[in-house]
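# Understanding the architecture of this molecule
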Amino acid sequence: MKKIEKEKLLRHLEEKGNLVRLDRARQDPLSVTKSSHLPQEELLLLFRINGDKGVEIRVPEGRGGKILFGVSPCEARAVDLLDLTFLRDRIDPYYKRKREDNVLFVLACNKPRSTCFCTSFGYGPFSGKFGDVFMVDIGDNLLIDPVTEKGSKALEGLELEEATPSDLEKMESLKRSAEGAITTVNIEGISEKLKKMFLDEIWADLAFKCVNCGACTYVCPTCYCFDIQDVERTNWGYRERVWDSCMFPIYSLETSGHNPRPTGVERMRNRIMHKFSYYPELYGEYGCVGCGRCIRACPVNFDIREALETLKEVEVAA
Amino acid sequence: MFEKLRETARELLSKGEVECVLGFAEGTLPMIYTPYHARKPEEAEKLVYGPFAAPNIATYLRKLKGKKAAVIVRGCESRTINLLISEKQLNREDVKIIGVPCTGALDRKRILKDYGGEIREARIEGEKVIVKGDKGEKAYVLEEYISPSCKSCLYPEAIDPDIKIDGPSRDGEKADFSDIEKIEKMSPAEKWEFFEKELSKCIRCYACREICPMCYCESCFVDSNRPVWVEPGFDYTDILSFHLIKMYHMAGRCVDCGACERACPLGIRLSFLTRKLTKDMKEAYNFVSGLSPEEKPALGVFSPDDREDFIL
Ligand code: SF4
Ligand code: SF4
Ligand code: SF4
Ligand code: SF4
Ligand code: SF4
């Protein structure tokens, strides 16, 4: 690992491009990292009826990337999960552009929050494999380690010192205390179990307190559902993509009037199933990173950790 | 301190008088109780009440349709029940009303902000909230951190409960609307700026709508796409339309419980709107919503001597 003065690095990055400093407290409740790749509202194209020339269509240009400074490991991991949806089987050009242009400077979490449970997913507050550059704040200096080529490029032209053994020791002790502050939820086997629980009665119990707002899904860094709508004006208009949420009744409402998820129970089930059963089945990864944002944003204290514990305890026929 | 309530609930459940007792239980985070319905006598042990209860529990009655339920209510929640009965959403016979004393609901987000660190524990001690976390132990005077809606609450105590749990409550006579009066005195431009600053933070998650006991419409105008009343996206016109139309639908129906404001993940001060509504209804029609289940909805009746001076 290398080391550098924080201010020096920031000055360098400021010169390099559009620097966005993420202060952990200000980031809540929304994940700026998610919205930098998948904005809540995104213009897809503009259309205009031009006399007898017919319809003219214009696709907006990209706005250039951002350097996101201070991304938490969980948020960076969440972007990797978004890639599975937007870059794996089919490529979403709008997402791809931002993904390629943005540079993620990940900062290890010295002080996890009481709602963090990232360690349940095989990584932790000091995992250095996400984003483009990994950093640890050891007080006066940052320990720094490029993760990707893009990350190395962003550091070009900087003089980095070699980290000393005492710096590394400091990092280890910060890491130990951070990891020790996190409560891990044991989710082993949950995805297999959930496959057999689609019709279980527990969902009604779990969903009781939930009022099906969009808070948890909007703040979640891995939730990506969207809606595409055309907004029409007199002889022009635009098509845009806006966040949507499986918690809303109209999300699954079909044109016929039929709704396959008619009540909050099915909608709550979908949220959990998607993250802990469908995601693992499709991609071999959980669709939750344990950031705890949903827990903090929920108006009725629906705690996904508690829900997982409850689901684990339910007995299902083999 | 919840013994009396728990005993009452236990008895109702063991005698089979009700199928469940709806109220709150301790949550997983500090300073927030979570909605809970006790279905077995032993589950009554979990019931709690007090400033940490943020939602309006009457919202959950729609999930218990067809069940005989007892519901633990504060003043605003009991008025909600009256409104639901008068709007034919609920039968009086189906609910047993347990009134609990109310000193107001906590504006939790303000304590989180002022503490400035991670709070891991909290408890109420007399008139204070004591919190503990990475910034050490701190005490906050409850009354200073009470929801704005509770500050102007006219009826903190449950109206005509079947069972009443005694205890110290707020004084409805001391309802304070002074901050609303301040906004009333602003110029139109100042008002516009004031509300824009507050409401433009809205992410349209609709937590404020879903938590509201009176927003029970099966399909909401904001969700309609034929016709489109409110466009998708974040144009301030659309955000403002959502909030103003919601308020129109709330005139004489909002009980000013403040649950919408406490639910908002962005901490938007929705009580500036709900309290103005409450104040106007009181001043213009001497009407307070939900005082009796027999009362006709304010906007559903006409009287020749109704005020007209606001009509342009
Ligand atoms: S879990 Fe909470 S935040 Fe999510 S939809 Fe339900 S009430 Fe809203
Ligand atoms: S479900 Fe909750 S804890 Fe999991 S990633 Fe989303 S917001 Fe974070
Ligand atoms: S869950 Fe908390 S500790 Fe873990 S990476 Fe995210 S912010 Fe850091
Ligand atoms: S709109 Fe009125 S009744 Fe509805 S939650 Fe808000 S304050 Fe309560
Ligand atoms: S809860 Fe807050 S952010 Fe969500 S729709 Fe209501 S005002 Fe907007």
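Nothing here was measured: the structure is a model prediction, and the numbers come from that model. (Residues numbered from 1 in each chain as written. Chains lettered and ligands numbered in written order. Predicted model: local features only at pLDDT ≥ 70, side-chain atom pairs only at ≥ 80, totals over all residues. Heavy atoms only, no water.)

## So, the site of ligand 2
All names here are of chain A. Just so we agree on the cut-off: One heavy atom within 4 Å of a molecule or strand is enough for the residue carrying it to be called near that molecule or strand. Secondary structure elements follow DSSP: runs of H or I no shorter than four residues count as helices, runs of E no shorter than two count as strands, and numbering proceeds from the N terminus. Note on residue categories: nonpolar means Ala, Val, Leu, Ile, Met, Phe, Trp, Tyr, Cys or Pro, charged means Asp, Glu, Lys or Arg, and polar means any other residue, Gly included.
Residues in close proximity to ligand 2 total 13 residues, the closest being Cys220, Cys288, Cys291, Gly292 and Cys294. Only helix H11 (264-283) and helix H12 (293-297) provide two or more residues apiece to the shell around ligand 2. Taken together, the residues of the shell around ligand 2 sort by class into 8 nonpolar, 2 polar and 3 charged.

## Description of the domain arrangement of chain B
All names here are of chain B. Put simply, the rule is: Domain limits in this description derive from either an automatic procedure or a database domain assignment. In this description, contact between two residues means that some pair of their heavy atoms is separated by no more than 4.5 Å. Buried area is understood as the total, over both parts, of accessible area removed when two parts are fitted together, assessed with a 1.4 Å probe. Between Lys or Arg on one side and Asp or Glu on the other, a salt bridge is scored when a side-chain nitrogen of the former is within 4 Å of a carboxyl oxygen of the latter. Identification of polar contacts relies on pairs of N or O atoms within 3.5 Å, with a donor-acceptor requirement for protein atoms, meaning one able to donate a hydrogen and the other able to accept it, and with residues adjacent in sequence counted only if both atoms are side-chain atoms.
Taken domain by domain, chain B holds domain 1 (2-107 + 146-300) and domain 2 (108-145). With 21 residues of domain 1 at the contact, the number on the domain 2 side is 17 residues. For the pairing of domain 1 and domain 2, the buried interface totals around 1,400 Å² over both sides, and the portion due to carbon and sulfur atoms is 57%. It is Pro30, Met31 and Asp107 in domain 1 that bury the most area against domain 2; as a group they hold 42% of the surface buried on that side. At the junction of domain 1 and domain 2, the tally comes to 3 salt bridges. The partner of arginine 170 in a salt bridge is glutamate 143, with the nearest N and O atoms 3.0 Å apart. There are 11 residue pairs in polar contact (both at pLDDT 80 or more) connecting domain 1 and domain 2. Looking at the side of domain 1 that touches domain 2, its residues break down into 12 nonpolar, 3 polar and 6 charged.

## Remarks on the site of ligand 1
Lining the immediate surroundings of ligand 1 are Cys210(A), Val211(A), Asn212(A), Cys213(A), Ala215(A), Cys216(A), Met247(A), Arg271(A), Cys298(A), Pro299(A), Val300(A) and Phe302(A). Of the residues contributing to the shell around ligand 1, the split by class is 10 nonpolar, 1 polar and 1 charged.

## Remarks on helix H13 (residues 304-313) of chain A
Residue and element names in this part refer to chain A. Stated precisely, the cut-off is as follows: A simple rule labels every residue: compare its accessible area, found with a 1.4 Å probe on the protein chains alone, to the largest value its type can have, and call it buried under 20%, exposed over 50%, or partly exposed in between. As used here, the arc is the angular range of directions from the helix axis to the C-beta atoms.
Residues of H13 that are buried: Ile304, Arg305, Ala307, Leu308 and Leu311. On an axial view of H13, the arc spanned by its buried residues comes to 160°, and they lie on one face. Elements in contact with the buried residues of H13: helix H8 (190-195), helix H9 (202-207), H11 and H12.

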